[in-house]
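Coordinates in review
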Amino acid sequence: MDIPTANGGWFKPAEAANAVAILLEVKQFDRQRPTPNGPKDSVLCDVTVFKTPEQLERLAPEVSKGQRIEQTVLARDLETVVGGAVLVTVTQVPAKKPGAHPAWVWKQVTDTGIRNQVLTYASQRDAAVDAAVAEAPDFD
């Protein structure tokens, strides 16, 4: 059982804006979670970022377990994915109101080659975890 934790810091969209693919494994959604800047919708995720085509080719992403996503649009878009995963990139769209900041939004990855490589990574990762668990001593 994987217990959600918040030791992965906060997701910063600008740092992942040029990523080839982002695998989000959504653990928990909190509506209006108290923060120092007032209540915000918040999502707790394991975030796997393939920043470059080379990282994707080598299946060597940057992984952050228990990362918080508190940008309103990004968090709310993940509310229905709790317990599942989604493969996306992140981009900015122009603000609807003059003078407002552009909004960060998820964009689904539709390239089959990229999807297949990320699925290969996830399968290999899960198989390695299963093998480690099987080899672990039984202390009962």
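When its secondary structure is counted, the chain shows 4 helices and 5 strands. When the helices and strands of the chain are listed from N to C terminus, the series reads α-β-β-α-β-α-β-β-α. Dimensions of the chain, computed from the C-alpha atoms along their principal axes, are close to 60 × 35 × 20 Å. Counting the 140 residues in the chain, one finds 35% classified as buried. Here the chain displays about 8,800 Å² of accessible surface, and carbon together with sulfur accounts for 54% of that area.

Across the sheet, 5 strands lie side by side as β3-β2-β1-β4-β5; this open sheet has antiparallel pairing. Every other strand in the sheet has two partners, leaving β3 (62-69) and β5 (103-108) as the edge strands with one partner each. Averaged over neighbouring strand pairs, the angle between their axes works out to 35° when direction is ignored.

A separate point is the pattern of salt bridges. Taken as a whole and judged by the stated rule, the model has 10 salt bridges. Residue Arg 68 is joined to Asp 30 by a salt bridge in which the shortest nitrogen-to-oxygen separation is 3.2 Å. Taken as a pair, Arg 68 in strand β3 and Asp 30 in strand β1 (residues 21-33) lie far apart in primary sequence, 38 residues in all. Like Arg 68, the residue Asp 30 is buried in the burial classification. When the shortest N-O distance is used, the salt bridge between Arg 31 and Asp 41 registers 3.1 Å. One end of the pair, Arg 31, is in strand β1; the other, Asp 41, is in strand β2 (residues 40-50), with 10 residues separating them in the sequence. A relative accessible area of 1% places Asp 41 in the buried class.

Counting across every chain of the model gives 2 aromatic pairs. Each ring, one from Phe 11 and one from Trp 106, has its centre 5.6 Å from the other, and the planes form 45°; the classification is tilted. A residue pair is termed long-range when its members are at least 10 positions apart, and Phe 11 in the segment before α1 (13-16) and Trp 106 in strand β5 qualify at 95 residues. On the accessibility criterion, Phe 11 (4% relative accessible area) is buried. Pairing Phe 50 with Tyr 121 gives two aromatic rings, centres 5.5 Å apart and planes at 90°, and the pair type is edge-to-face. Residue Phe 50 is located in strand β2, and its partner Tyr 121 is located in helix α4 (residues 112-135); the two are separated by 71 residues in the primary sequence. The class of Phe 50 is buried, set by a relative accessible area of 0%.

Its identity is not glycine, yet Gln 32 carries a phi of approximately 55°, on the positive side. Counting through the fold element by element, Gln 32 comes out in strand β1. Taking the relative accessible area as the measure of exposure, Gln 32 reaches 38% and is therefore partly exposed. One non-glycine residue, Leu 59, lies in the positive phi region at around 55°. Here Leu 59 shows up in the loop between α2 (53-58) and β3.

Rules behind the numbers
- Residues numbered from 1 in each chain as written.
- Predicted model: local features only at pLDDT ≥ 70, side-chain atom pairs only at ≥ 80, totals over all residues.
- Heavy atoms only, no water.
- Helix = DSSP H or I, 4+ residues; strand = E, 2+ residues; numbered from the N terminus.
- Buried < 20%, exposed > 50% of the residue type's maximum accessible area, 1.4 Å probe, protein only.
- Areas by Shrake-Rupley, 256 points an atom, 1.4 Å probe, with all protein chains shown as cover.
- Pairing = 2+ DSSP bridges.
- Axes fitted to C-alpha atoms, helices over the stretch in contact; angles between N-to-C directions.
- Salt bridge = Lys/Arg side-chain N within 4 Å of Asp/Glu carboxyl O.
- Phe/Tyr/Trp six-rings, centres within 6.5 Å; stacked < 30°, edge-to-face > 60°.

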